[in-house]
Amino acid sequence: MDIHSLTDLIKRRRSIFPSTFTDEKISQADIETILENAQWAPNHKNTEPWRFKVFTGSALEGLADFMSNRYTETISPEKYNENKKKRISKKILSSSHVIALCVRRDPEERIPEWEELAALSCAVQNMYLSCTAMNLGCYWSSPGMIIGKNAFPYLEEGERCYGLMYLGVTVPNLPSKAVREDIKTKVAWVK
Ligand SMILES: Cc1cc2nc3c(=O)[nH]c(=O)nc-3n(C[C@H](O)[C@H](O)[C@H](O)COP(=O)(O)O)c2cc1C
């Protein structure tokens, strides 16, 4: 791949939401490619801290029930919104797969926690770019109600969840309003 193709892929990558997903399912082989590419992210001291819980098929119904119940449990009665609860469930059930994005901290804590999270983020970018290259839709959602200690029951000892990636098949060439500021506004040259 040359740099022009890579730049094009990076700029074409978008967060694509489940409301645009078709009923088609992503193949097992494509999901495995996405996960394999995640695995090649940079990570300090080779801790490979990312952990993924892949929900598909009837497991999506269990996750949808869990998330909508969690919403009811954690929202204050004044803020409770029945439509929001339905949307939480619908997003999951409209997806082909949902991947919980988790970290297992190095047991010896040789590096700061933020570095493990940074490595997860690099892995997620690999997943995003893989989806773009395969014309699949995905996005990283970070609902506060599942982030934090004991907030997500699908974890093993020492793991924390930092959000869900919703994945699905989309129609090609969705309109996009994505913009970025000029990089010049964020760079200081020190010469
Ligand atoms: C760590 C992280 C958490 C995110 N959490 C949410 C979220 O909870 N809800 C949401 O709609 N988008 C979420 N996003 C996606 C952003 O909304 C999206 O990246 C942003 O709008 C830019 O759009 P783009 O990804 O198409 O460039 C998250 C992105 C990141 C990197």
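Fair warning: this is a prediction, and the values are worked out from it, not measured in the lab.

Trainee: Just to check I follow, could you spell out the site of the ligand for this structure?
Mentor: Every residue lining the ligand is accounted for by Arg14, Ser15, Tyr139, Trp140, Ser141, Ser142, Gly163 and Ala178. Sort the elements by how many residues they give to the shell around the ligand and strand β3 (residues 136–141) lands first, with three residues. Looking at the shell around the ligand residue by residue, the class counts come to three nonpolar, four polar and one charged.

Trainee: Explain the nonpolar core here, please?
Mentor: Nonpolar side chains in soluble globular proteins tend to end up buried together. Ranked by internal contacts, the top residues of the largest apolar core, which has 35 residues, are Val98, Leu101, Leu120, Met127, Cys138, Met165 and Leu167. Contributing elements (two or more residues each) for this core: α2 (28–38), β1 (50–56), α3 (59–74), α4 (82–93), β2 (97–104), α5 (113–133), β3 and β4 (159–169). The element that contributes the greatest number of residues to this core is α5, accounting for seven residues. Apart from residues no more than four positions distant in its own chain, Val98 is found in contact with Phe55, Leu60, Leu63, Ile92, Leu164, Met165 and Tyr166.

Trainee: How should I be thinking about unusual backbone geometry in this particular structure?
Mentor: Comment: phi is negative for the bulk of residues other than glycine, and the bulk of peptide bonds are trans. In this structure, Glu48 is a non-glycine residue whose phi angle is positive, near 40°. Here Glu48 shows up in the loop between α2 and β1. Despite not being glycine, Asn135 has its phi angle at roughly 55°, a positive value. What makes Asn135 exposed here is the crowd of 11 C-beta atoms within 10 Å.

Trainee: Hey, could you run me through the packing of helix α1 (residues 3–12) against α5 in this one?
Mentor: Packed helices, taken two at a time, are described by their axes: the angle between them and the distance between them. In contact at an axis separation of 9 Å, α1 and α5 are set at 100° when each is read in the N-to-C sense. In terms of orientation, α1 lies roughly perpendicular with respect to α5. In contact with Leu9, Ile10 and Arg12 of α1, α5 contributes Leu129, Thr132 and Ala133. Residues that form the contact of α1 with α5 fall into these classes: four nonpolar, one polar and one charged.

Conventions adopted
- Residues numbered from 1 in each chain as written.
- Predicted model: local features only at pLDDT ≥ 70, side-chain atom pairs only at ≥ 80, totals over all residues.
- Near = placed C-beta within 6 Å.
- Helix = DSSP H or I, 4+ residues; strand = E, 2+ residues; numbered from the N terminus.
- Nonpolar A, V, L, I, M, F, W, Y, C, P; charged D, E, K, R; others polar.
- Core = buried A, V, L, I, M, F, W, Y, C linked by C-beta atoms within 7 Å.
- Buried ≥ 20, exposed ≤ 12 C-beta atoms within 10 Å, placed from the backbone.
- Contact = placed C-beta atoms within 7 Å.
- Axes fitted to C-alpha atoms, helices over the stretch in contact; angles between N-to-C directions.
- Parallel < 35°, antiparallel > 145°, perpendicular 65-115°, else oblique.

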